[in-house]
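What the coordinates show
Given next are the chains, with one letter for each unit.
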Amino acid sequence: MSYKFPNLKHKRRSILQLTGLAVGAAIFPPTFHAVKTSLKATKAKYADAKKVAPLSRSNEIGKVVLVYSEDRVNGTRRALDLLQPDGIKGKRIFLKPNYNTADPAPAATDTKMLEALIQELQNAGAGQISIGDRSGMAQTRQAMEAKGVFKLADRYGLNAIVLDELGIKDWQYFSPEGTHWQQGFAFARPILDAEAVINMCCLKTHGGARYTLSLKNTVGMVAKYVPGDRFNYMNDLHTSKYMQLMIAEINSVYQPSLVLMDGVEAFVKGGPEAGDKVAANVILAGTDRVAVDVVALGILRSLGTTPEVAQGSIWNLEQIRRAIELGLGAANSEQIELITADAASQKIADGIRPYIMT
């Protein structure tokens, strides 16, 4: 841009304008940078977005190990011994715990149970293990620090990742096509790039989402914000009348190699950070997340829970029904096999069977 100064009066005015432009540029460089970053993120959102596609429906039986245990560490070891999950040896693993907050279990993943799982994975010959989350109610780094994750990472050579500190390139956009997300969603690439994903969840109800089990634990793999992208994806989720369907939809972009659920204690009302807590004394393990969640819902019903969780067929609950439509797991009770190894575990299994049969 060029400026002409035909006379002194106009010259002084133009100089002041130029000075103002220079000062403005000095004061607001972050704003200009933010606009540039936002444009870059928006371009990436639409240019590089993948589509959510239903998985091929399988007729395989979803095996769910149910272990009666009052001890999380012992129960975890017994459950894994019974399940004998494949696809662990030599694989790069992403382990997703539940750190919505840093409150004691069942609000968040129990640290001793987590350490037991890490030990079992390494004993089974697992490759590099990464562990990470994105908290909902807490600051993620603070929650992970409070739960001792970084100390465990140092002790066992893990890669600890605070998901909401990831950069633009570390998020994969998925388009809204075929979903109930207004602008689609962004999923953490370190999880998509892992060779095996382990979903470590808790047994509890949820004040907003009705219940939070393995399907809901996947929400922590999705961005609230992507750097430079002003859209609040979690606000989209938590204010939508389609929340249950949206929870199922984000699960269609990855396949867990293991789901491990802590049900030693459970919230049967309230949640996710506090609620009516009871001793359920179970550990669940499986590879079919729908089957695991259906069994967990049966346990919640057997303990006495909220009307939103207790009414109607478990198979007609929106999260479950949408997950089945997307081919994420068992479609009926005949596709679930409960595996137990002692009388106490079998008694629980027998007690919940009527709840999952209809």
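Model, not experiment: these values are computed from the prediction. (Residues numbered from 1 in each chain as written. Predicted model: local features only at pLDDT ≥ 70, side-chain atom pairs only at ≥ 80, totals over all residues. Heavy atoms only, no water.)

Residues of the protein chain with pLDDT of at least 70 account for 87%, and the chain-wide mean is 90. Scored below 50 in pLDDT, residues 1–28 shows 5 contacts in the model against residues more than four places distant or in partner chains. (pLDDT = per-residue confidence, 0-100. Contact = heavy atoms within 4.5 Å.)

This part covers the pattern of salt bridges. Under the criterion given, the structure shown has 15 salt bridges. The closest approach of N and O atoms between Asp 48 and Arg 189, which form a salt bridge, is 3.0 Å. Residue Asp 48 is located in the loop between helix H2 (29–47) and strand E1 (62–68), and its partner Arg 189 is located in helix H7 (residues 189–192); the two are separated by 141 residues in the primary sequence. For Asp 48, a relative accessible area of 40% translates into the label partly exposed. Across the salt bridge formed by Glu 325 and Arg 322, the nearest N and O atoms sit 3.1 Å from each other. Taken together, the positions of Glu 325 and Arg 322, both in helix H13 (residues 318–325) and 3 residues apart, correspond to about one turn of that helix. Accessibility expressed as a relative area gives 43% for Glu 325, which makes it partly exposed. In this structure Arg 322 comes out as buried when scored by relative accessible area, which is 12%. Among the charged side chains, a salt-bridge network with shared partners connects Arg 72, Asp 262, Glu 265 and Lys 277. (Salt bridge = Lys/Arg side-chain N within 4 Å of Asp/Glu carboxyl O. Helix = DSSP H or I, 4+ residues; strand = E, 2+ residues; numbered from the N terminus. Buried < 20%, exposed > 50% of the residue type's maximum accessible area, 1.4 Å probe, protein only.)

Checked against the element boundaries, Asp 293 lands in helix H11 (residues 289–303). Here Asp 293 is buried and forms no salt bridge, its nearest opposite-charge partner Arg 289 lying at an N-O distance of 8.2 Å. Sequence-distant contacts of Asp 293, that is, excluding residues within four places in its chain, are made with Leu 213, Ser 214, Leu 215, Met 261 and Ile 320. (Lys, Arg positive; Asp, Glu negative; His and termini not counted.)

Its location among the elements puts Thr 179 in the loop between strand E5 (171–174) and strand E6 (185–188). Sequence-distant contacts of Thr 179, defined by excluding residues within four places in its chain, comprise Val 52 and Glu 249.

The next thing to look at is the environment of Ile 352. Position of Ile 352 among the secondary structure elements: in helix H14 (residues 343–357). By relative accessible area, Ile 352 is classed as buried at 1%. For the pair Ile 352 and Val 295, spaced 57 residues apart in sequence, the C-alpha separation works out to 7.5 Å. Beyond its immediate chain neighbours, meaning those up to four positions away, Ile 352 contacts Leu 66, Val 295, Gly 298, Ile 299, Ser 302 and Leu 338.

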